[in-house]
Amino acid sequence: MTDDAYLFLVDDPAEPFGVPPAVVGPLDCMETPAVRAWLDAHDVSATSPRLRVVPPEDTGLITAQAERLPVPLGAEELSRLRHRTAPEALAAVEDELLAYRDCAHGRDELLARALGAGLAPDRIAELTGEDIATVRAAAAR
């Protein structure tokens with residue numbers, strides 16, 4: 001396994017392996033001189049239906065004859081790519097986890113603000129569904 005994701009070309013655009021980079025969203029690597037030169041050398045555009053990208057853990061599945069290029073992805077880019085390549089059931093759970101992360105962001109600040117406003121820790125735990133120990137830990141900060 002490699003630490004890089006890979007861009008690669010498929011012969012048949014109906015090939016289900018990998019995802020077109022445009023589906024993943026903006027990828028910084030697509031604007032690098034190395035990727036631009038590789039695309040030009042293979043006479044394909046960044047939006048070609050033959051162009052695919054896979055995360056590092058899936059690079060071993062690329063056929064030996066496929067033209068390929070390793071590309072580094074940032075953490076957020078890699079997260080988006082993995083989400084797009086996950087089986088549908090996993091993708092649904094990942095969507096829920098991302099939604100949880102988004103709504104839980106700032107949780108400690110909200111708990112501290114509620115405590116500062118004078119709400120009792122027991123009432124905050126009741127309203128948020130958080131464990132009372134978590135609320136009390138926010139009070140101690």
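Shown above is the structure to which this text applies.
I will try to describe carefully the structure that is included in this document. (Residues numbered from 1 in each chain as written. Predicted model: local features only at pLDDT ≥ 70, side-chain atom pairs only at ≥ 80, totals over all residues. Heavy atoms only, no water.)

**Focus on the sheet that holds strand β1 (residues 5-9)**
So, point 1. Taken in spatial order, the three strands line up as β2-β1-β3 in an open sheet, and their pairing is antiparallel. At either margin of the open sheet sits one strand with a lone partner, and together these are β2 (51-54) and β3 (68-71). When strand polarity is set aside, the average angle formed by the axes of neighbouring strands in this sheet is 25 degrees.
So, point 2. Relative to β2, β1 is paired through four bridges, and the arrangement is antiparallel. When the sheet's bridge partners are listed, L9 is paired in β2 with L51.
So, point 3. Running at roughly 170 degrees to β3, helix α2 (residues 33-41) makes contact with β1, β2 and β3 of the sheet. (Pairing = 2+ DSSP bridges. Helix = DSSP H or I, 4+ residues; strand = E, 2+ residues; numbered from the N terminus. Axes fitted to C-alpha atoms, helices over the stretch in contact; angles between N-to-C directions. Contact = heavy atoms within 4.5 Å.)

**Focus: the packing of aromatic side chains**
So, point 1. Considering all chains together, one arrives at one aromatic pair under this definition.
So, point 2. Taking the centre distance of 5.5 Å and the plane angle of 40 degrees together, the rings of F8 and F17 count as tilted. When sorted by exposure, F8 lands in the same class as F17, which is buried. (Phe/Tyr/Trp six-rings, centres within 6.5 Å; stacked < 30°, edge-to-face > 60°. Buried < 20%, exposed > 50% of the residue type's maximum accessible area, 1.4 Å probe, protein only.)

**Digging into the pairing of β1**
So, point 1. For β1, the tally of buried residues reaches five of five residues, placing the bulk of the element in the interior.
So, point 2. Side chains A5, L7 and L9 of β1 all project onto a buried face; the interleaved residues Y6 and F8 project onto the opposite face, where all are buried too.
So, point 3. By the bridge criterion, four bridges tie β1 to β3 in an arrangement that is antiparallel. From the neighbouring strand, Y6 faces β3, where its bridge partner is P70.

**Structural notes on the side chain of E77**
So, point 1. By the element assignment, E77 lies in helix α3 (residues 75-85).
So, point 2. Ignoring sequence-local partners within four residues, the contact set of E77 consists of V24, P26, L27 and D28.

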